[in-house]
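An overview of the molecular structure
Each chain, letter by letter, is given below.
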Number of protein chains: 2
Amino acid sequence: MNYPNGIKRNFKISNSNRGMNLENDINDSNVYYRKNEIAVIYKKPTPITINKVDYKNRKDAVITEAHFIIPSTTDYNGIYKGNYVDFEAKETKKDYFPLANIHNHQIEHLKKIKNCGGIGFIIVRFTHNNETYLLEIDKLLNFLDNSKRKSIPKEYFVENGYLIKQGYNPCLDYLSVIDKIRRDENEKNLEEK
Amino acid sequence: MNYPNGIKRNFKISNSNRGMNLENDINDSNVYYRKNEIAVIYKKPTPITINKVDYKNRKDAVITEAHFIIPSTTDYNGIYKGNYVDFEAKETKKDYFPLANIHNHQIEHLKKIKNCGGIGFIIVRFTHNNETYLLEIDKLLNFLDNSKRKSIPKEYFVENGYLIKQGYNPCLDYLSVIDKIRRDENEKNLEEK
């Protein structure tokens, strides 16, 4: 099968690549969104502290010692239809989402984004059946406020989140979920009037 | 002089630190904005490609070979009063801003942000007199469209940009410039009606 950019993909996915699938799907979708001028959303670089750099020549400085650091924020942010969008994406092999997979300060960060008028959420993929859900930060906080569990069961995502359509272009159309949330909110507001 | 966080600063700035002053001022201002719930804006991590990682133990993986890569986007982004904010910051020792200091794709990125309804700009500090200007992406594009020069003279920033107030807290109040731009736009719109 030929992909638009001419790269043939290997569908035999090794174990070591499995954790990267969701990230790849989101990155590919973001490329699609940018190319079609739908949204400008990027994954942030991995945060590290650099200890040693070897300036072999002017053009190529080689980092010879660096350490990974805990990110202060989430992995992805950008702009969609004038709105600030911010989210974290995680995969799980279980039929629940272990809360250890997301840092407390990332949840706090998403809460602040919501308070500033932005759109904050998490994307979680359950790899055993390849279902991917978008859960708004409000719904995540609601779970945390009302449960002492160390994981969120998949049912909570089914009932309170949105299943993200997977297809060809974009391969993971998470922004159409944002549109749906907005439509649902507008309908709710109209009903209340 | 004691700073709020108890850190005493060394005002004897070495040459090697000079390029970091603007970055430090913006980072300090962003901390102030976040603490006071004014805005949530961060500097993105330095983009690198990681070639080798030494897993000495479970807790500490050491990156032993990595390379700097050209950033796809700008250094800073976030949310202010519900608006997506995106910018690049640069220092220059000259009384002009060399265009080689900013990548073409960063200018393209800021243009896309503007088209999506976001607020895009550059912050440039002229270190010889420590004046720092905010120049909106529109004004930057306007210069590029009408000039073949490889640098922007300081006068262009004085006439088309906004001088950013430097003070105590925040030390570089660039978001107050955004407020001023919005006020100017509203006044202009009212006059046109």
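What you see is a predicted model, and the numbers here were worked out from it, not measured in a lab.

1. What to know about the relation of the copies chain B and chain A
- In the superposition of chain B on chain A (RMSD 0.0 Å, axial shift 0.0 Å), the rotation amounts to 180 degrees. Given the turn and translation reported, the copies of this chain are related as if by a two-fold rotation axis.
- In this assembly, 100% of the residues forming the interface of chain B have copies in chain A that are likewise at the interface, indicating an isologous arrangement.

2. Side note on helix H3 (residues 104-115) of chain B
- Here H3(B) is twelve residues long and its end C-alpha atoms lie 17 Å apart, about the 16 Å a rise of 1.5 Å per residue gives.
- Among the residues of H3(B), Gln106(B), Ile107(B), His109(B), Leu110(B) and Ile113(B) are the ones counted as buried. Buried residues of H3(B), viewed axially, fall in a sector of 155 degrees; they line one side. Along H3(B), exposed side chains directed more than 90 degrees from the buried face belong to Asn104(B) and Asn115(B).
- For H3(B), the secondary structure elements touched by its buried residues are strand E1 (39-43) and strand E4 (76-80) of chain A together with strand E5 (83-92), strand E7 (119-126) and helix H4 (137-146) of chain B.
- Gly117(B) sits one or two positions beyond H3(B) and adopts a positive phi of about 95 degrees.

3. Quick word on the pairing of E5(B)
Residue and element names in this part refer to chain B.
- Most of E5 is tucked away: nine of the ten residues are buried.
- Turn length for the strand E4 (residues 76-80)-E5 hairpin, with the two strands adjacent in sequence and antiparallel, is two residues, and the turn residue Lys81 shows positive phi of about 50 degrees.
- Relative to E7, E5 runs parallel, the two being bridged by eight bridges. Residue pairing across strands places Thr92 opposite Phe126, the latter belonging to E7.

4. Some points on the side chain of Thr92(A)
- Relative to the helices and strands, Thr92(A) is located in strand E5 (residues 83-92).
- The contacts of Thr92(A), once residues within four sequence positions are left out, are Phe97(A), Pro98(A), Val124(A), Arg125(A), Phe126(A) and Thr127(A).

What counts, and where the lines are drawn
- Residues numbered from 1 in each chain as written.
- Chains lettered and ligands numbered in written order.
- Predicted model: local features only at pLDDT ≥ 70, side-chain atom pairs only at ≥ 80, totals over all residues.
- Heavy atoms only, no water.
- Least-squares fit on C-alpha atoms with pLDDT ≥ 70 in both.
- Contact = heavy atoms within 4.5 Å.
- Helix = DSSP H or I, 4+ residues; strand = E, 2+ residues; numbered from the N terminus.
- Expected span 1.5 Å × (residues − 1).
- Buried < 20%, exposed > 50% of the residue type's maximum accessible area, 1.4 Å probe, protein only.
- Arc of directions from axis to C-beta.
- Pairing = 2+ DSSP bridges.

None of the figures reported here should be taken as evidence of function without further support.
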